[in-house]
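Letter by letter, the chains look like this.
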Amino acid sequence: MSKFKYASLVLATTLLMGLAFPVGKIGIGYAPPFFLMGIRFVVAGGILAAIAGRNGRPRETRSWLRAATIGMFQSAGVMGCAYYSMRWVSSGESSILISLNPLLVIVLGSLLQRIRYRFSQWAGVAIGFFGILTAFGFRVGFQPGTWIGIGGAFCFAAATLTTKRWGGGFDMKALAGYQMLFGGLLLLLLSMATERPRFDIVPASILALVWLIVFCSIAQFLLWYYLLSHGDAAKTSAFLFLMPLFGVLTSWLLLGERVHASVYAGGALVCLGIYLVNREPAAGGKSMRNMLQWGGGKSSRSAKERIRDGCETVHG
């Protein structure tokens with residue numbers, strides 16, 4: 001995949017993720033959050049599963065369980081926690097907490113999957129998260145909604161890592177469809193247990209639901225899984241720092257919410273963090289073994305070949 005195509009798809013995906021916050025805020029004015037999200041994912045998942053057809057359907061019990069696990073984390077866990085946390089915190093604070101995901105991906109990837117990341121990548125996610133806090137004026141308090149939002153970030157990190165590990169065995173349309181279907185059914189069960197399900201049928205509610213289904217679910221998840229299956233999970237997740245920034249900007253456009261100067265300062269830090277996570281190591285980053293090979297003994301290889309080998313590094 002070319003860098004231009006990768007960047008374009010990442011921007012489109014994170015823009016759709018950001019749009020889900022103001023559109024979802026409009027939607028929960030006409031339906032409780034678990035019920036609204038449940039309808040969204042069951043319909044979107046059913047459409048994608050139908051598009052994938054019989055050939056994309058999981059054939060083994062293990063594959064069904066994997067799709068259900070991803071759906072539990074991705075659709076039910078992330079969005080359930082994000083929208084439920086808004087009972088205590090603002091949508092901006094909720095998006096900040098969900099944006100812990102890139103840092104958690106690196107932490108969990110290092111602990112559970114023994115993935116090695118460079119110092120610059122660690123620094124990049126820390127600076128990016130600091131940029132998110134700056135953008136929202138550090139207005140995050142510790143209350144029930146805070147911990148629920150952090151739980152959503154852990155679900156997002158778990159979904160990212162499990163998708164990267166298991167997603168290669170699935171058709172992407174089928175994986176996106178079945179995980180949303182499982183997650184949506186779980187959200188509907190939560191709604192029946194904790195809410196009074198209702199949906200006020202008016203033009204605004206229908207438009208919000210259709211937008212969430214078509215653009216913020218079907219298109220978004222297809223793009224997200226495509227990116228995860230064609231790139232590094234940590235690098236791709238680093239761009240999720242753009243999600244709350246797009247959420248703020250689209251909230252300003254759709255809901256008339258003010259954009260403070262801190263958003264622009266935070267945006268600059270976000271860009272720096274993304275650059276550090278995705279920056280290729282310097283040409284001088286040689287391994288010790290290559291340095292020793294350069295220092296002694298004769299070699300029939302050309303100097304250009306030795307330089308090329310010396311510049312090889314291990315990417316996380």
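Computed from a prediction, not measured in an experiment: that's the story for all the values here.

Visitor: Outline the overall build of the protein chain, supporting the account with residue identities and numerical values.
Guide: What the protein chain contains, in helices and strands, is 14 helices and zero strands. Taking the intrachain contacts of the protein chain between residues at least 6 apart in sequence as the baseline, contacts between residues at least 24 apart amount to 87%. Here the protein chain displays about 15200 Å² of accessible surface, and carbon together with sulfur accounts for 66% of that area.

Visitor: Got a sec to walk through the nonpolar core? Specific residues and values, please.
Guide: Core analysis: the largest hydrophobic core is formed by 46 residues, its most contacted members being M37 and Y225. Elements represented by at least two residues in this core include exactly helix 1 (3–27), helix 2 (33–52), helix 3 (61–85), helix 7 (144–166), helix 8 (172–194) and helix 9 (203–229). Tallying contributions element by element places helix 9 first for this core, with 10 residues. Leaving out residues up to four positions away in the same chain, M37 has contacts with M79, Y83, L187 and L212. Ranked by size, the runner-up nonpolar core spans 30 residues in total, among them L9, Y117, V125 and F241.

Visitor: Please provide a residue-by-residue account of the side chain of Q220, values included.
Guide: Locating Q220 in the fold gives a position in helix 9. Taking the relative accessible area as the measure of exposure, Q220 reaches 8% and is therefore buried. Excluding anything up to four places from it in sequence, Q220 contacts T13, L16, M17, R40 and F215.

Visitor: Residues and numbers for the packing of aromatic side chains, please.
Guide: For the structure on display, the rule yields seven aromatic pairs. Relative to Y178, the ring of W64 has its centre 5.1 Å away and its plane inclined at 75 degrees; by these criteria the two rings are edge-to-face. You can see W64 sitting in helix 3 and its partner Y178 sitting in helix 8, a full 114 residues away along the chain. The exposure class of W64 is partly exposed, given its relative accessible area of 29%. The class for Y178 is buried, based on a relative accessible area of 9%. Measuring from centroid to centroid gives 6.3 Å for W64 and F182, while their planes differ by 90 degrees, and the two rings are edge-to-face. One end of the pair, W64, is in helix 3; the other, F182, is in helix 8, with 118 residues separating them in the sequence. An aromatic cluster is built from W64, Y178 and F182, whose rings are joined through pairwise contacts.

Visitor: Residues and numbers for the confidence of the model for the protein chain, please.
Guide: Taken as a whole, the protein chain shows an average pLDDT of 78; of its residues, 84% reach a score of 70 or greater. Ranking the elements of the protein chain by mean pLDDT puts helix 13 (residues 288–295) last with 34 and helix 2 first with 92.

Visitor: Outline empty space enclosed by the protein, listing residues and values.
Guide: The tally for this structure, following the rule as stated, stands at two cavities of 30 Å³ or more. One number sums up the size of the largest cavity: a volume of about 120 Å³. What lines the largest cavity is a set of 13 residues, and nearest its centre among them are V78, M79, F156, Q220 and M243. Listed by contribution, the elements that provide at least two residues to the lining of the largest cavity are helix 1, helix 3 and helix 9.

Visitor: Explain the environment of Y117 to me, and be specific about the residues and the numbers.
Guide: Mapped onto the elements of the fold, Y117 is located in the loop between helix 5 (101–112) and helix 6 (119–135). Judged by its relative accessible area of 12%, Y117 falls in the buried class. Spatially, the C-alpha atoms of Y117 and I106 are 7.5 Å apart, while their sequence positions differ by 11 residues.

Visitor: Which residues make up the environment of I274, and what are the values?
Guide: Relative to the assigned elements, I274 resides in helix 12 (residues 261–278). Residue I274 is classed as buried on the basis of its relative accessible area of 9%. If we ignore the near neighbours within four places in the chain, the residues touching I274 are A238, F239 and L242.

Visitor: Can you break down a nonpolar patch on the surface residue by residue, with the values?
Guide: Among the surface-exposed residues, I201, I206, V210, W211, V214 and F215 lie close enough to one another that they form a single nonpolar patch of about 520 Å² accessible area. Within the element layout of this structure, I201 appears in the loop between helix 8 and helix 9. The exposure class of I201 is exposed, given its relative accessible area of 67%.

Quick notes on the rules
- Residues numbered from 1 in each chain as written.
- Predicted model: local features only at pLDDT ≥ 70, side-chain atom pairs only at ≥ 80, totals over all residues.
- Heavy atoms only, no water.
- Helix = DSSP H or I, 4+ residues; strand = E, 2+ residues; numbered from the N terminus.
- Contact = heavy atoms within 4.5 Å.
- Areas by Shrake-Rupley, 256 points an atom, 1.4 Å probe, with all protein chains shown as cover.
- Core = buried A, V, L, I, M, F, W, Y, C linked by side-chain atoms within 4.5 Å.
- Buried < 20%, exposed > 50% of the residue type's maximum accessible area, 1.4 Å probe, protein only.
- Phe/Tyr/Trp six-rings, centres within 6.5 Å; stacked < 30°, edge-to-face > 60°.
- pLDDT = per-residue confidence, 0-100.
- 1 Å grid on protein atoms, 1.4 Å probe; cavity = no way out; pocket = protein on both sides within 12 Å on 5 of 7 lines; lining within 4 Å.
- Points joined across faces, edges and corners; volume = space filled by probe spheres on them.
- Patch = residues over 30% accessible without salt bridge, like charges linked within 9 Å, V, L, I, M, F, W, Y side chains within 5 Å.
- Salt bridge = Lys/Arg side-chain N within 4 Å of Asp/Glu carboxyl O.

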